[in-house]
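# Report on the structure
Letter by letter, the chains look like this.
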Amino acid sequence: MSSTVSSTPVPPHGQPSLHAVQVLGGGSSGSGVHVRSLSAGLVARGLRVTVCGPWSAERGYGFTQAGARFTGLDALTDAGSVASLRTAICGAALVHAHGLRPGLLAAVALRGRKVPLVVTWHTRVDIEGARAGLVRLMERRVARTAAIVLGASSDLVDRARARGARDARLAPVAVPAPRRAPESGDGRRQKARAELGVMGRPLLVTAGRLEAVAGHGPLLDAARRWRGLDPRPLLVVAGEGPDRAVLQGRIDTEGLPVRLLGRHDDLPGLLAAADVAVLSSRWEARSLLAQEALHAGVPLVATAVGGVPELVGDAAELVPYGDPEALAGAVAGLLADPARRVELAASGRARTACWPTEDDTVAHVLSIYDELVQTFIRERVDGPGR
């Protein structure tokens, strides 16, 4: 993964470079990809970067290959993680946590230390029942401790403000440039479809963790309606998660035209073979699937939730969440209308040209770091509020 180097100057020779600590949890792949990209961009601009997180994240994203140092937080307890983090942040100019739990760990580790904290909220925690109150308390603690909360979508910014954030800002997270060019030419497309065992029928693609928030229940309800189409489309689902057995049980019992692929490391390659991409989530900030689909020029049907409408604009067919009939109808309508699919493909590629690049994202974050460090220096010299 590469990151274009901007004109931001590196520190003069002999002066120490700013040390930024990134704190990552074991959550969404989107935050891991972002921290890897951000680390590479910051290092290229002369910063020292330390990433703190589970060793599984280092194995999956290769932060050290991007030029960052890595400190594992695979302690058996939160207290152990906080202790490791307190050691890692010694001498840091600032700490940037990604997600709610990493933000809470960073807030505790920074207690008594005059080091500014930035927290990016990539997603929201959807928990019902007794634990919902605990999540609100955690969000409040993190929002009020952070000097700045960055939200990947406007509703996350509003959520941070509602939880008491002193300064909450929109900071869209750029998807990395495609790892390779999308498959081109009918021959390559057919080869990819043949490898999936899909010839002579439409292919629908979705991807994401197999859990309730992804909306796979309504998606399977929609798939039940597609059984009456001729030819009958096949929906392939890339991803793993706790709901796999339940979903597979429904697929088998109801005879649904759906295949669970499990973990799939080449989403662009999978999309290259697709006729339509489908996003059925109950909530998303900046969906990786939606971004990859529009980059690849694949028509997208998505639920109008969270940050999805502001991400895709009019370059996708949007439907309400939890409405299988609307979802099924939108997909069936696209399959029956090749001209509309071509129109959406072109609109999607045009939309991606308006999104921030990785370089834009790094430059934006670096400007925030500079703002915080300068404010901290000023307050240390002049005193707070002067």
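Residues numbered from 1 in each chain as written. Predicted model: local features only at pLDDT ≥ 70, side-chain atom pairs only at ≥ 80, totals over all residues. Heavy atoms only, no water.

In the nomenclature of an unreviewed UniProt entry, the chain is known as D-inositol 3-phosphate glycosyltransferase of Streptomyces hygroscopicus.

Counted under the stated rule, the structure contains 14 salt bridges. Two residues, aspartate 221 and arginine 224, come together in a salt bridge whose shortest N-O distance is 3.6 Å. In this pair, aspartate 221 and arginine 224 both sit in helix H8 (residues 216-226), three residues apart, roughly one turn of the helix. The salt bridge involving arginine 250 is made with aspartate 221; its shortest N-O contact spans 2.8 Å. You can see arginine 250 sitting in helix H9 (residues 244-254) and its partner aspartate 221 sitting in helix H8, a full 29 residues away along the chain. (Salt bridge = Lys/Arg side-chain N within 4 Å of Asp/Glu carboxyl O. Helix = DSSP H or I, 4+ residues; strand = E, 2+ residues; numbered from the N terminus.)

The next thing to look at is the environment of leucine 18. The topology assignment puts leucine 18 in the segment before strand E1 (19-24). On the basis of relative accessibility, which here comes to 23%, the residue leucine 18 falls in the partly exposed class. Sequence-wise, leucine 18 and glycine 91 are 73 residues apart; in three dimensions their C-alpha atoms are separated by 9.5 Å. Leaving out residues up to four positions away in the same chain, leucine 18 has contacts with Leu47, Arg48, Ala93 and Val373. (Buried < 20%, exposed > 50% of the residue type's maximum accessible area, 1.4 Å probe, protein only. Contact = heavy atoms within 4.5 Å.)

Turning next to helix H3 (residues 78-88). Among the residues of H3, those classed as buried are Ser81, Val82, Leu85 and Ala88. Seen along its axis, H3 keeps its buried residues to an arc of 120°; they face one direction. Those residues of H3 that are exposed and angled more than 90 degrees off the buried face are Ala79 and Thr87. Buried-residue contacts for H3 involve E1, strand E2 (48-53), strand E3 (69-72) and helix H4 (100-109). (Arc of directions from axis to C-beta.)

Let us now look at H4. The buried fraction of H4 amounts to seven of the ten residues, a majority that puts the element mostly inside the structure. Turning to H4, its buried residues are Leu100, Pro102, Gly103, Leu105, Ala106, Ala107 and Ala109. Buried residues in H4 make contact with E1, H3, strand E4 (94-98), strand E5 (117-121) and helix H5 (130-145).

Angle between the axes and distance between the axes are the two parameters that describe a pair of packed helices. Relative orientation of the contacting elements H3 and H4 amounts to 65°, with a least axis distance of 9 Å. At the point where H3 passes H4, the crossing takes the right-handed sense. When H3 is examined against H4, the residues Asp78, Ser81, Val82, Leu85 and Arg86 are found in contact with a partner set consisting of Arg101, Leu105, Ala106, Val108 and Ala109. Of the residues belonging to the contact of H3 with H4, the class tally is six nonpolar, one polar and three charged. (Axes fitted to C-alpha atoms, helices over the stretch in contact; angles between N-to-C directions. Left-handed = near helix turned anticlockwise from the far one by under 90°. Nonpolar A, V, L, I, M, F, W, Y, C, P; charged D, E, K, R; others polar.)

Turning to the pairing of strand E8 (residues 203-207), a few remarks are in order. Along E8, four of the five residues are buried, which leaves the element largely enclosed by surrounding structure. What joins E8 to strand E9 (residues 234-238) is H8, and the crossover it makes is right-handed. Relative to strand E11 (residues 276-279), E8 is paired through two bridges, and the arrangement is parallel. Considered in E11, the bridge of valine 205 is made with alanine 277. (Right-handed = clockwise from strand over helix to strand, strands pointing away. Pairing = 2+ DSSP bridges.)

This next bit is on the environment of glycine 306. Summarising the element assignment, glycine 306 is placed in the loop between strand E12 (300-303) and helix H12 (308-312). Taking relative accessible area as the criterion, glycine 306 reaches 36% and is therefore assigned partly exposed. Linking glycine 306 and aspartate 155, residues 151 residues apart in sequence, is a C-alpha distance of 6.4 Å. What glycine 306 contacts, discounting residues up to four positions off in sequence, is Asp155, Trp283 and Glu284.

Attention shifts here to the nonpolar core. Counting residues in hydrophobic clusters, the biggest one holds 35 residues, and the most contacted among them are Val23, Leu85, Ile89, Val95, Leu117 and Trp121. Of all the elements, H4 adds the most residues to this core, at five residues. Residues within four places of valine 23 in sequence aside, it is in contact with Cys52, Leu73, Leu85, Val95, His96, Ala97, His98, Pro102 and Ala106. Counting residues in hydrophobic clusters, the runner-up holds 30 residues, among them Leu196, Leu203, Leu279 and Ala296. (Core = buried A, V, L, I, M, F, W, Y, C linked by side-chain atoms within 4.5 Å.)

Another point: the packing of aromatic side chains. Scanning all chains against the criterion turns up three aromatic pairs. Here the aromatic rings of tyrosine 61 and phenylalanine 63 are separated by 6.1 Å at their centres, their planes lie at 35°, and the arrangement is tilted. The partly exposed category is assigned to tyrosine 61, whose relative accessible area is 25%. Judged by its relative accessible area of 0%, phenylalanine 63 is buried. Ring geometry for phenylalanine 63 versus phenylalanine 70: centroids 6.1 Å apart, planes at 5°, classification stacked. Phenylalanine 70 carries the same exposure label as phenylalanine 63, and that label is buried. By way of ring pairs, the aromatic residues Trp55, Tyr61, Phe63 and Phe70 are connected into one cluster. (Phe/Tyr/Trp six-rings, centres within 6.5 Å; stacked < 30°, edge-to-face > 60°.)

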